[in-house]
Amino acid sequence: MSFAGVSGRLTVVGGGVIGLSVAWRAAVAGYAVEVLDPDPGGGASWVAGGMLAPLTEAWPGEEPVLALGLAAQVGWPSYADRLRADSGMSPGLRAEGTLAVALDRADAEVLDALAGHLAGAGRQVTRLTGREVRALEPSLGPSVRSGLSVPQDVSVDNRALLAALRVACEWHGVGFDIRPVARVSAGRVEFTDQSIVDCDVVVITAGAWSGELHPALRGVIRPVKGEILRLRARPGALPPPTRTVRALVRGRPAYLVPRDDGLVLGATEYEAGFDQDVTVGGVRDLLADAELVLPGVAEYALAECAAGFRAGSPDNLPLVGWLEPGVLAATGHHRNGLLLAPITADAVLDLLAGRPVCEEIAAADPERFAQRATTTRTGGAG
């Protein structure tokens, strides 16, 4: 689906990393932009780990997701440089890379399968013994059996990124409205208080809440709950690793992402709707698994526990494209919202201008779900 170039007033519904990136880049391009969100810079973007990790997130059968992630990763350094220039703030991009580690034979076999899958896609990673892993990160514990070095997968400080985006948006004249949105239609937004805003184009960037805003997203975008912990390094504790550490601990995934003052530890994953509680079991498992990987973490302070809602889609690709004239979707980024923010913002500008998007983002056209629905209703051949 495509439409002629658009100019004028742009309303962005959702103020997470995708919405703020779209708003900033659109304002730079000359659009009059307003962001609608009760808590700009909050939501899943605020509680994210900050990994920019298409390789260690790769999974057989999700080749379009990997291709999109790799294309997005290429654009991240220039995006960070532009943001730093516009905001005067660093988004906290760290280039030290990622270690994927396993603690038993079964987990090591999963890493071997990942390495094989990536090799088949033309992406090589370095296999490491437990001793080689600890030579790179001495604070890792003796339970670590083996690992993969993935220097291409980097990280960003999500909260520094959000702060820089907010400043850049305000510098370029983006307006903000914190009233909750009820629904979206062509060039129109209706708030829960029944007031209305008209514009030329609405861009839906509301993450897990997007499915409630437009009929084309209903039943397609769903919330996927994740819990994270933020740990602060206390005086005398071992410093955090320099690299992101992604671990498998008896089949459970855990990640430890370094920050200047400690670690972000995550992440559980549940199909639990919009349940905002942080569960005792989730915290217990995260801390127990982290201590096996990094024994010194027991000396850290537990600074924060939070739950967030990733925006899941049926095929784990986002939805980036026209839903109808006057309504664009840029949502459903699941675990990769931070990674895909630059390429998504570029795609929205291309769509607004009537230009073709890159091949990788074209695979994320929302029309793929409309086509599936039509095939199902008509009993199309399978």
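Residues numbered from 1 in each chain as written. Predicted model: local features only at pLDDT ≥ 70, side-chain atom pairs only at ≥ 80, totals over all residues. Heavy atoms only, no water.

- Labelled according to an unreviewed UniProt entry, the protein appears under the name glycine oxidase, originating from Solihabitans fulvus.
- For the protein, the Catalytic activity (unreviewed entry) comment in UniProt is given as "glycine + O2 + H2O = glyoxylate + H2O2 + NH4(+)".
- Taken verbatim from the UniProt record of the protein, the Pathway (unreviewed entry) comment is "Cofactor biosynthesis; thiamine diphosphate biosynthesis." (UniProt positions renumbered as here; feature names shortened; annotations may be inferred.)

**Quick notes on the overall build of the protein**
Inference 1: Helices and strands together make up the secondary structure of the protein, namely 10 helices and 19 strands.
Inference 2: Whereas a compact globule of 382 residues would reach a radius of gyration of roughly 21 Å, the protein reaches 21 Å, a difference of no more than 12%.
Inference 3: With the C-alpha coordinates aligned to their principal axes, the bounding extent of the protein is approximately 60 × 55 × 40 Å.
Inference 4: The 382 residues of the protein split such that 54% are buried.
Inference 5: Within the protein, counting contacts between residues at least 6 apart in sequence, those at least 24 apart form 74% of the total.
Inference 6: Of the roughly 16000 Å² that the protein leaves accessible, carbon and sulfur atoms contribute 53%.
Inference 7: Charged side chains of the protein number 34 positive and 44 negative; the gap between the two group centres comes to 3 Å. (Helix = DSSP H or I, 4+ residues; strand = E, 2+ residues; numbered from the N terminus. Rg over C-alpha atoms; globule rule 2.2 N^0.38 Å. Buried < 20%, exposed > 50% of the residue type's maximum accessible area, 1.4 Å probe, protein only. Contact = heavy atoms within 4.5 Å. Areas by Shrake-Rupley, 256 points an atom, 1.4 Å probe, with all protein chains shown as cover. Lys, Arg positive; Asp, Glu negative; His and termini not counted. Charge placed at Lys NZ, Arg CZ, Asp CG, Glu CD.)

**Some points on the pattern of salt bridges**
Between side chains of opposite charge, a pair can form as their charged atoms come close.
Inference 1: Using the criterion set out here, one finds 22 salt bridges in the structure.
Inference 2: One salt bridge in this structure joins R94 and D260, with 3.6 Å as the shortest N-O distance. With R94 in the loop between α3 (63-87) and β4 (98-102) and D260 in the loop between β15 (252-259) and β16 (262-266), this pair connects stretches of sequence that are 166 residues apart.
Inference 3: A salt bridge links R179 to D177; the shortest N-O distance between them is 2.7 Å.
Inference 4: Bridged by salt links that share partners, the residues E57, R246 and R335 form one connected network. (Salt bridge = Lys/Arg side-chain N within 4 Å of Asp/Glu carboxyl O.)

**Focus: the sheet that holds β16**
Inference 1: Spatial ordering of the open sheet is given by β5-β6-β4-β14-β15-β16-β13-β17, a layout of 8 strands whose pairing is mixed. Edge strands, defined here as strands with exactly one partner in the open sheet, are β5 (126-129) and β17 (301-312). Each strand of the sheet is rotated relative to its neighbour by a mean of 20°, with strand direction disregarded.
Inference 2: Sheet topology places strand β13 (residues 222-232) next to β16; 4 bridges connect them, and they run antiparallel. Of the residues in β16, the one forming a bridge with R232 is G262.
Inference 3: Contacts from helix α4 (residues 105-120) reach β4, β5, β6 (146-150) and β14 (244-249) within the one sheet, and its direction differs from that of β6 by about 30°.
Inference 4: Lying over the sheet, helix α7 (residues 280-293) contacts β4, β13, β14, β15, β16 and β17, oriented at roughly 50° with respect to β13. (Pairing = 2+ DSSP bridges. Axes fitted to C-alpha atoms, helices over the stretch in contact; angles between N-to-C directions.)

**A short note on the pairing of β6**
Inference 1: In terms of burial, β6 is a largely internal element, 5 of the 5 residues being buried.
Inference 2: Residues S146, L148 and V150 point to one face of β6 and G147 and S149 to the other, with burial holding for every one of them.
Inference 3: The pairing of β4 with β6 spans 5 bridges and is antiparallel. Its bridge partner being in β6, T98 is matched across the sheet by V150.
Inference 4: Of the pairings in the sheet, the one linking β5 to β6 comprises 4 bridges and is antiparallel in character. Looking at β6, one finds that R127 is bridged to L148.

**Some words on the side chain of H214**
Inference 1: Following the sequence through the fold, H214 ends up in the loop between β12 (201-204) and β13.
Inference 2: For H214, a relative accessible area of 6% gives the class buried.
Inference 3: Looking at H214, its side chain comes within polar contact range of the main-chain nitrogen of A216, at 3.0 Å.
Inference 4: Within the local environment of H214, its side chain forms a polar contact with the side chain of E324, the two groups lying 2.7 Å apart.
Inference 5: Every residue in contact with H214, bar those within four places of it in the chain, is listed here: V184, I204, L323, E324 and V327. (Polar contact = N/O pair within 3.5 Å; in protein donor to acceptor, adjacent residues only side chain to side chain.)

**Structural notes on the sheet that holds strand β8 (residues 175-177)**
Inference 1: Strand order across the open sheet formed by 6 strands is β8-β2-β1-β12-β19-β18, with mixed pairing between neighbours. Only two strands of the sheet have a single partner each, and these edge strands are β8 and β18 (319-324). On average, each strand axis in the sheet is tilted by 20° relative to the strand beside it, whichever way the strands run.
Inference 2: Bridge count for strand β1 (residues 9-13) against strand β2 (residues 32-36) is 5 bridges, and the pairing is parallel. Within β2, the residue paired with V12 across the bridge is V35.
Inference 3: In the packing of helix α8 (residues 337-353) onto the sheet, the strands contacted are β1, β12, β18 and β19 (327-331), and the crossing angle to β18 comes to about 30°.

**Regarding unusual backbone geometry**
In most cases, non-glycine residues show a negative phi, while peptide bonds are predominantly trans.
Inference 1: The backbone phi angle of R250 is positive, close to 55°, even though this residue is not glycine.
Inference 2: With respect to the helices and strands, R250 occurs in the loop between β14 and β15.
Inference 3: Of note, N316 is a non-glycine position whose phi angle comes to about 65°, a positive value.
Inference 4: Structurally, N316 can be placed in the loop between β17 and β18.

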